[in-house]
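Here is what each chain is made of, one letter per residue.
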Amino acid sequence: MPVTFRLNGTPITLDDNDDGKTPLLWAIREMAGLTGTKFGCGRSLCGACTVHLDGRAIRSCVTPLGSVAGREVHTVESLSPDRSHPLQKAWMAENVPQCGYCQSGQLMSAAALLARNPDPTDADIDTAMTGNICRCGTYQRIRRAIHRAAAELREARS
Amino acid sequence: MTKTAPKGKKRRRWITRRRFLTVSAAGGGALALGFVVGPVVGRYRRQSAIRATAEATGAFQPNAWLVVHPDGRIVFTLDRVEMGQGTMTSHPMLIAEELEVDPRTIEVEFAVADRRYTHPEFGLQITGGSSSVRTSWDQLRHAGAVAREMLRRAAADDWGVPVEECAATDGTVVHAPTGRSRTYGSLTRLAAEQPIPDPPLKPAEEHTLIGTALDRLDAPMKVDGSAVFGIDVTIPGLLNAAVIRPPVQGAAVVSFDAGEAEGRPGVTAVVEIPTGVAVVAERYWQARTALDDVRVEWSGGRPDLDTQAMTEQLRRLTAVPGKTVRDDGDAEAVLAAAAGDYLEAAYDLPHLAHAPMEPQNCTAHVEGDRCEIWAPTQVPGVAQAAVADALDIPRENVVVHTTFLGGGFGRRLVADFVVEAAHLSRRIAGPVKVIWSREDDMCHSMYRPQVRHLLRAVLDEDGTPVAWHHRVAAPSLLEAIVPQWLPAMAPDAVPDVMTRGLSRVAGGVFRGDWVADPTSTEGASDTPYAIENLRVELARHDPGVPIGFWRSVGHSHTAFAVESFIDELATAAGRDPFELRRELLRDAPRNRGVLEAAAEHAGWGSPLPPGRFRGIAQHFSFETYVAEVAEVSVEAGRIRVHRVVCAVDCGRVINPDIVHAQMESGIVFGLAAALKQRISYVDGHVEQSNFHDFEMLRMNEMPEVEVVIVPSTEEPTGVGEPGVPPIAPAVANALAAATGRRIRTLPIEPALSA
Ligand code: FES
Ligand code: FES
């Protein structure tokens, strides 16, 4: 079953031989060849597979490919062409990544948060980010980096 | 993991002395000549190799780690894998400091399995034991200095000026008197002609990079999804596989019925392999869903494995004397004389999984008697030897590439997942990537052992402990691991059949009463507390659970027992737990140093907001000293850790920000275990399966962590693991202060609500 949607701004058609039931995660990784989005648990428990569906952060490991037909999907590869997204810059400035495996998902959750809430409190960050596990324990730096990126965005706006 | 050999310098000296003795004993002659001629021949060979490379490619390759290309590119081969701990940043810093280049301009490649990258202490290619900086510290600075000197001399020769007038700086050699300069890239062929020097290393005062918080060099790749982990590897014609694993620990396949699986789209094969039944398909998800159609009949294994029974067995083992590991004074006599007036406490710690974020995976391509591997492994050398053994092919025919590792924590010190992929690739005669599910990873790991500690102590009238009796019941990690590692440690000259035979018996050393496994009591048998009568015993437990090194190894449980019990003694004596430790650490200045630094920074003794309480713990592991103060509160029966202050003394610091990050990381890792985690067996299978029942610490539970580095001019030591051990006891001690309730069974959360 062919499924057509927009992936990082470009229309794409993926032919799913599992009736559109293949998880979006594996369609993105194996059919579209974008490996920035990671597999961590497969059960919506860790957030490693987080992408944006029409701008909202979702877990692609439990999202059937068929359900994104006609919609907009964005992955970590689309944050910027040159690591210039305020979150990417903040992530590098705070030296957030350790092993890095969870960080695509962390960034996508954070990007969705900032898009709807340009000035998140610590409590807002807790709510938005608690679904994303980091086994390396980078949470404190993630929090700092989100505040840093938010500050940069606010400055750019004013 | 523990050190199995004396450290760096000492060991080299030891070998020299032993060689000297051998030579003398043999009466000299040919043997002595060998030791004189050996290095000369070695140097000559290296020199010719450097020249040959330059002639062939124009590149200057002074050693196993560095290549300077004519176009100026500098490529550094990193032989300690990057799994989050920062080697991709710290190691280029070591090279760059002496090579006089900007480390951000160095291209880093991951080393393949190669004898040249053998770890000087473990004797195989490995990243573990928090040893990467400690053991590369001299090696890489020297490698950088040799290259720099050869480049400098090349320029001096070319200009016909004294080398002393030539300075190396930022990738160029400059002749100040005439203002001439040449880039490293333009000097490669000439440098290759220079004799290999043995230059002195810069004194610490001249370091411009070492000691600075250089931003992580791998961060850019990890914020745009471009870093390639094992799971991201792709090669032409690659198929993907998922595996049905035994429902009972150790069970074997009797037969299987592929059912509809073979007819499903994309599926190319359903085959039996030593670890279960594999479904191979064009894409992973096709293989994974096809697993549902396969019926497997299993037999054997250990259906009797049961955590309740293991707990009882551990209790029985600590009820009787074990093997003596340390015996100062006469603790037993003092205990007997106390006539029942002693303190006693037992601590129980569960099996634990490493659960790195990236599930196990491996890409293998077997062609005839050759095999190529791409894997997120901590032990490329072990993987290479194990694959050679499994496929019965020569070791040099196995090429092992490592990728970025999505966490390691000791799980990837075992090459089981690599060997599995190699078997499958041979079976299907093509390249294949095996991806484990999270459930596979959780239920088929090499767990941190379940352990029980029984402690007794006698206090004098002043409340000072005069006797300490510590009994540990634990399985032997070395018994499990040494046989797997031995083939990789054996020199090439030793015939394979011999190493195979040897590795079969090697683990037996730790069986019975012969040798006590030091990894079971590390952190307990070497306790720095000055107690006159001190006895440590080990009882070996062997429940048949697959076990392995888990971040901080034995220290992950000994610290909890020792640091909880010291606190209990303080409470019983009505003394301040910080002051009692301080007094007992009178002969251990660096332990005391971190203890005092943590207490001071945390404001030990100062008032806290209502409902908050502090706990403290200190521990020495992997040559590094760490103390932590935790602030907790308990609300509605739930514990919350608000703040952790950590003081660390790891000798000279290469990159302070990475030290901070590793302490933060160790604290989170240790806290998740202390509060939440437990692997348990029922009817031979692991009860937990994913992150809902083997829980992680999450953003909303993250305490504020503050790290203080205690300045030191000692040799640098590791930071990957030492942050872990003190956190569990610090939290349990704070909890006891908060509630009067002493939690002696981990994890804390279920124990607290029980
Ligand atoms: S892989 Fe999707 S939430 Fe874990
Ligand atoms: S950086 Fe390793 S899991 Fe988050």
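Structure report, in brief.

What counts, and at which threshold
- Residues numbered from 1 in each chain as written.
- Chains lettered and ligands numbered in written order.
- Predicted model: local features only at pLDDT ≥ 70, side-chain atom pairs only at ≥ 80, totals over all residues.
- Heavy atoms only, no water.
- Contact = heavy atoms within 4.5 Å.
- Buried area = accessible area lost by both parts, 1.4 Å probe.
- Salt bridge = Lys/Arg side-chain N within 4 Å of Asp/Glu carboxyl O.
- Polar contact = N/O pair within 3.5 Å; in protein donor to acceptor, adjacent residues only side chain to side chain.
- Helix = DSSP H or I, 4+ residues; strand = E, 2+ residues; numbered from the N terminus.
- Pairing = 2+ DSSP bridges.
- Axes fitted to C-alpha atoms, helices over the stretch in contact; angles between N-to-C directions.
- Buried < 20%, exposed > 50% of the residue type's maximum accessible area, 1.4 Å probe, protein only.

Remarks on the interface of chain B and chain A
So, point 1. Facing 67 residues of chain B, the contacting portion of chain A comprises 51 residues.
So, point 2. Summed over both partners, the interface of chain B with chain A buries about 4800 Å², with 56% contributed by carbon and sulfur atoms.
So, point 3. Considering only the surface of chain B that becomes buried against chain A, V223, M357 and M699 of chain B emerge as the three largest contributors, covering 18% of it.
So, point 4. Remark: the boundary between chain B and chain A carries six salt bridges.
So, point 5. A salt bridge links R83 of chain A to D224 of chain B, with the shortest nitrogen-to-oxygen separation between them at 3.0 Å.
So, point 6. At the junction of chain B with chain A, the criterion picks out 31 residue pairs in polar contact (both at pLDDT 80 or more).
So, point 7. Taken together, the elements giving at least two residues each to the side of chain B that touches chain A come down to α6 (284-290), α11 (438-443), α18 (656-675) and β26 (704-709) of chain B.

Points about the sheet that holds strand β23 (residues 638-649) of chain B
Residues and elements named next belong to chain B.
So, point 1. Spatially, the four strands line up as an open sheet ordered β21-β22-β23-β26, and their pairing is mixed. A single partner strand is all that each edge strand has here, and the edge strands are β21 (613-621) and β26. Each strand axis lies, on average, 20° off the axis of its neighbour in the sheet, ignoring direction.
So, point 2. In this structure, β21 lies alongside strand β22 (residues 624-635), joined through nine bridges in antiparallel fashion. By the bridge assignment, F613 is partnered in β22 with V632.
So, point 3. Lying on the sheet, helix α19 (residues 727-739) is in contact with β21, β22 and β23; it crosses β21 at an angle near 155°.

Quick notes on the pattern of salt bridges
So, point 1. Counting across every chain of the model gives 63 salt bridges over all chains.
So, point 2. A salt bridge links E439 of chain B to R43 of chain A; its shortest N-O distance comes to 3.8 Å. Placement of the pair is E439 of chain B in helix α11 and R43 of chain A in the loop between α1 (24-31) and β3 (50-53), with the two residues belonging to separate chains.
So, point 3. Residue classification places R43 of chain A among the partly exposed residues on the basis of a relative accessible area of 40%.
So, point 4. Salt bridges linked by common partners bring E563, D567, E568, R581, R742 and R744 of chain B together as one network.

What to know about the sheet that holds strand β12 (residues 323-328) of chain B
By definition, the strands of a sheet pair up through backbone hydrogen bonds, in either a parallel or an antiparallel sense.
Residues and elements named next belong to chain B.
So, point 1. As summarised here, the arrangement of the five strands in space is β12-β20-β19-β18-β13, forming an open sheet in which the pairing is mixed. Either end of the sheet is taken by a strand with one partner, and the two such strands are β12 and β13 (343-349). Strand-to-strand twist across the sheet, computed as the mean angle between neighbouring axes with direction ignored, equals 10°.
So, point 2. The pairing of strand β19 (residues 465-474) with strand β20 (residues 533-540) spans eight bridges and is classified as parallel. Note on β20: the bridge partner recorded for R471 is E537.
So, point 3. Contacts from helix α15 (residues 555-573) reach β13, β18 (451-459) and β19 within the one sheet, and its direction differs from that of β13 by about 150°.

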